[in-house]
Amino acid sequence: MDPAGAPWCDPRRGYAYAYGAGSVAQAPTVKRQPPPPQQQLLPTRQDVAAVASGGVLKRSLGEVERWQQALYLREVRQRVAAQSQIAHPPIDIGSVLAGASASRASGPSRPPSSGFAGLSPQPSSTLSSLTTASHMETRPSHMRPLLQRQMVAAPPQAVARVPAAGRSAARELVLLQELEKHLLGDDDDGEAEAAGSACGSTVTSSAWGDTIQELNSITAAPLTSLPSNHSTAPAAMSRSPSNSSSSTVSSAASSSPPTTTASSCQLLSEAAAAIVDGNHAAAAAHLAVLKVAANPRGDAEQRLVAMMASALSSRIGRPPASQHLAGLCGAEQRAACQLLHDVSPCFGLALHGANLAILDAVADQRVIHLIDFDVSVAQHIALIQALSSRRVAGTCLKVTAVADPTSPFTPALTQALGVTEQRLKRYAQQAGLEFRFKAVSCVAGEIEASRLGCEPGAEALVVNLAFVLSRVPDESVSPANPRDELLRGVRALCPRVVTLVEQELNANTAPLAARFADACAHYGAVLESLDATLARDSAQRARAETALANKAANAVAREGPDRVERCEVFGKWRARFGMAGLRPVAIGQGVADRVRPRLRPGFDVKLDSGRLGVGWMGRVVTVASAWR
């Protein structure tokens, strides 16, 4: 085999050319210099003469494979040149060969095809697909004029050297030779194509068969004119965050803003993948594009893209922790969260389920002592209304609000307790209930019955943990593990029931990639559900979505002690409560039946393993459960 890699070998090495039918003639052993590198894949003049006289070329398997690779490289270049053919229309080779075609009009013909039967690279792996697609789209600018003039007419003197009997066939081969000189003549581009093929890009064997069949039929069929419009769609890609984030920095920075929500979501995913890889330059480029295209007042999906893009930007920008926590734990954030619990059925129905579990636990008890670690006005008003409907004479509701002085949320809670007490007391008076309110400041390890004013035997004690336990640090943040310490203190109080209401979101110990994906699905469902309850331009919705955005930013952008939004899925809560010595109290079908009448279209409740899940369009958003 020729070490230079040419598809036709030197005759003296034992390879014969066959002329005519059944006759073999050995070519003279004339010393021949190796052809230049850019012409090593092209036929020689002897080959042209052999074909012109009706001969058939014998080639080894390795030669055919090299020829196939040359055809593949030519196909890639033809596809890339399609975009620029409008400005520089190619010469129609079919019109040049009109005379030869007419002489063989009766021969078999093939329909026009786009670049050899429309073959396109089919990546064999994620990495090769990304490399092939990016190479096809980012052709160097200096190659465009050459590719725009890739189809040229054959020199008449080259055809004149061939005998008249086979002049038409030789002319076609000369045309191919001239064409390949333009297609394969750029060494730099050839190296780039070789690198692309080395990444694993392959063409199916059936497609290669069609190509070779079309090539072999060149002496029997007329050469039709090539279509002017080639398909320029990139190969399908399944990107991997670990190998493609850096290759898209320049394209993202220079591209126009995405015009569809789907493209914005894809760009958002690529930005998150770049951050996971530690490539903040690529992530910043993607987020800069999204910032221009973001529409925080559009539909739910557009609002989600704007929200999560802002969360990722805050992770790169890294504002001071004090500034970040001031916005997340401030009075406005607390008021917005209270509003969210009131206007969103996903949150309100879960709180309603917890109230029903409390009512079932206290039965007809006259004095109910409720210990709460974050008083929700909406939940307590609904509980007062439900207690008054029991019509038990002398009903008294005692509420003890526990505030942890070490928590960053305590200042806003303490500031709001005065107004909250007055509002609940006024509502209880209207409902005909006796109401008492008390605030206690203590850390998790200081929770005791005497300090909280409990009266065992004289009251029904219940503990409410609604959207608060996820903000208490666990063992991954503090060696003291205040979260488990609080649960052990609650168990020591021996309450009739402990209610837990939390978002079904894995935002505690999960890595960034998992947290980001789960946050997108979770907050996307919440934003969609708000479409069913509030107008898009509503001021209440704007405040509620601001609260959601602050939560999402903390869950995605912060790590360590700065990340205070640490929600967990129900399975982890069940394990944690079990280790603290609390056992589940199944929420029965009766509770679910009393919640369902409040459902709006699109919302649903599910009973699973004794828990009550409230969700939107099949996605569970919040979970209410009971323990003792």
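Everything in this summary refers to the structure shown in the same document. As the structure is a prediction and not an experimental result, all values here were calculated from the model. (Residues numbered from 1 in each chain as written. Predicted model: local features only at pLDDT ≥ 70, side-chain atom pairs only at ≥ 80, totals over all residues. Heavy atoms only, no water.)

### Examining the overall build of the protein chain
Here is step 1: In terms of regular secondary structure, the protein chain is built from 26 helices and 13 strands.
Here is step 2: In the protein chain, buried positions account for 49% of the 628 residues.
Here is step 3: The long-range share in the protein chain, meaning contacts at least 24 apart out of those at least 6 apart in sequence, stands at 79%.
Here is step 4: When the accessible surface of the protein chain is split by element, carbon and sulfur atoms take 54% of a total near 28100 Å². (Helix = DSSP H or I, 4+ residues; strand = E, 2+ residues; numbered from the N terminus. Buried < 20%, exposed > 50% of the residue type's maximum accessible area, 1.4 Å probe, protein only. Contact = heavy atoms within 4.5 Å. Areas by Shrake-Rupley, 256 points an atom, 1.4 Å probe, with all protein chains shown as cover.)

### What about the pattern of salt bridges?
Here is step 1: For the structure shown, the criterion picks out 27 salt bridges.
Here is step 2: Between Arg 611 and Glu 504 there is a salt bridge; the shortest N-O distance is 3.5 Å. One end of the pair, Arg 611, is in strand β12 (residues 611–616); the other, Glu 504, is in the loop between β9 (497–503) and α23 (512–531), and 107 residues separate them in sequence.
Here is step 3: Classification of Arg 611 as buried rests on a relative accessible area of 14%.
Here is step 4: Using a relative accessible area of 15% as the deciding quantity, one classes Glu 504 as buried.
Here is step 5: In this structure, Glu 559 and Arg 515 form a salt bridge, with 2.6 Å as the shortest nitrogen-oxygen distance. One end of the pair, Glu 559, is in the loop between α24 (539–557) and α25 (570–579); the other, Arg 515, is in helix α23, with 44 residues separating them in the sequence.
Here is step 6: Under the relative-accessibility criterion, Glu 559 is labelled partly exposed at 28%. (Salt bridge = Lys/Arg side-chain N within 4 Å of Asp/Glu carboxyl O.)

### Overview of the side chain of Asn 464
Here is step 1: For Asn 464, the position within the fold is in strand β8 (residues 460–466).
Here is step 2: Taking relative accessible area as the criterion, Asn 464 reaches 0% and is therefore assigned buried.
Here is step 3: Only 3.1 Å separates the side chain of Asn 464 from the side chain of Asp 372, close enough to count as a polar contact.
Here is step 4: With near-sequence residues (within four places) excluded, Asn 464 lies in contact with Leu 370, Ile 371, Asp 372, Phe 373, Gln 379 and Thr 499. (Polar contact = N/O pair within 3.5 Å; in protein donor to acceptor, adjacent residues only side chain to side chain.)

### A short note on helix α14 (residues 261–276)
Here is step 1: Helix length check: α14 (16 residues) gives 23 Å between terminal C-alpha atoms against 22 Å at 1.5 Å per residue, within 8%.
Here is step 2: If you check which residues of α14 are buried, you get Thr 261, Ser 264, Leu 267, Leu 268, Glu 270, Ala 271, Ala 272, Ala 273, Ala 274 and Ile 275.
Here is step 3: Once α14 ends, the next one or two residues include Gly 278, with phi positive near 85 degrees. (Expected span 1.5 Å × (residues − 1).)

### A few points about the nonpolar core
Here is step 1: Among the nonpolar cores identified, the biggest contains 86 residues, and Met 308 and Leu 312 are the most heavily contacted of them.
Here is step 2: Ranked by the residues each element gives to this core, the list is headed by helix α19 (residues 345–362), at eleven residues.
Here is step 3: Formed jointly, this core draws a minimum of three residues from each of two domains, domain 1 (263–329 + 505–564) and domain 2 (348–501 + 567–627).
Here is step 4: Here Leu 312 is in contact with Leu 268, Ala 271, Ala 272, Ile 275, Leu 287, Phe 516 and Val 556, once residues within four sequence places are set aside.
Here is step 5: Formed by 29 residues, the second largest nonpolar core is a distinct cluster that contains Phe 373, Val 472, Leu 487 and Ala 580. (Core = buried A, V, L, I, M, F, W, Y, C linked by side-chain atoms within 4.5 Å. Domains from an automatic or database assignment.)

### Let's talk about the layout of surface pockets
Here is step 1: Taken as a whole, the largest pocket encloses approximately 850 Å³ of empty space.
Here is step 2: Along its surface, the largest pocket is lined by 33 residues, and Gln 338, Asp 342, Val 377, Ala 378 and Gln 379 are the ones closest to its centre.
Here is step 3: Sorting the residues of the lining of the largest pocket by element identifies α18 (331–343), α19, α20 (377–388) and α21 (410–431) as the ones contributing at least two each.
Here is step 4: When its residues are assigned to classes, the lining of the largest pocket shows 18 nonpolar, ten polar and five charged. (1 Å grid on protein atoms, 1.4 Å probe; cavity = no way out; pocket = protein on both sides within 12 Å on 5 of 7 lines; lining within 4 Å. Points joined across faces, edges and corners; volume = space filled by probe spheres on them. Nonpolar A, V, L, I, M, F, W, Y, C, P; charged D, E, K, R; others polar.)

### Side note on α25
Here is step 1: Taken together, the buried positions of α25 are occupied by Phe 570, Trp 573, Arg 576 and Phe 577. Along α25, the residues classed as buried sweep out an arc of 120 degrees about the axis, all on the same side.
Here is step 2: Where α25 is buried, its residues touch β8, α22 (482–492), β9, β12 and β13 (619–627). (Arc of directions from axis to C-beta.)

### A short note on unusual backbone geometry
Here is step 1: Even without being glycine, Asn 481 reaches a positive phi, approximately 55 degrees.
Here is step 2: When you line up the elements, Asn 481 lands in the loop between β8 and α22.
Here is step 3: Positive phi outside glycine occurs at Cys 494, with the angle close to 55 degrees.
Here is step 4: In this fold, Cys 494 is placed in the loop between α22 and β9.
Here is step 5: Given the relative accessible area of 64%, Cys 494 is considered exposed.

### A few points about the pairing of strand β6 (residues 396–403)
Here is step 1: Extensive coverage of β6 is indicated by the burial of eight of its eight residues.
Here is step 2: Residues Cys 396, Lys 398, Thr 400 and Val 402 point to one face of β6 and Leu 397, Val 399, Ala 401 and Ala 403 to the other, with burial holding for every one of them.
Here is step 3: With six bridges connecting them, strand β5 (residues 367–372) and β6 associate as parallel partners. The residue bridging Asp 372 from the neighbouring strand is Ala 401, located in β6. (Pairing = 2+ DSSP bridges.)

### Describing the packing of aromatic side chains
Here is step 1: Scanning all chains against the criterion turns up five aromatic pairs.
Here is step 2: Residues Phe 570 and Trp 627 carry aromatic rings whose centres are separated by 6.3 Å and whose planes lie at 35 degrees to one another, so their mutual orientation is tilted. One end of the pair, Phe 570, is in helix α25; the other, Trp 627, is in strand β13, and 57 residues separate them in sequence.
Here is step 3: Overall, Trp 627 belongs to the buried group, its relative accessible area being 1%.
Here is step 4: Ring centres of Phe 603 and Trp 616 lie 4.8 Å apart, and the angle between their planes is 65 degrees; on these two criteria the pair is classed as edge-to-face. Separated by 13 residues along the polypeptide, Phe 603 in strand β11 (residues 603–608) and Trp 616 in strand β12 bring together distant segments of the chain.
Here is step 5: Take Phe 603: its relative accessible area is 7%, and that puts it in the buried class.
Here is step 6: Three or more aromatic residues joined by ring pairs form one cluster here, namely Phe 570, Phe 577 and Trp 627. (Phe/Tyr/Trp six-rings, centres within 6.5 Å; stacked < 30°, edge-to-face > 60°.)

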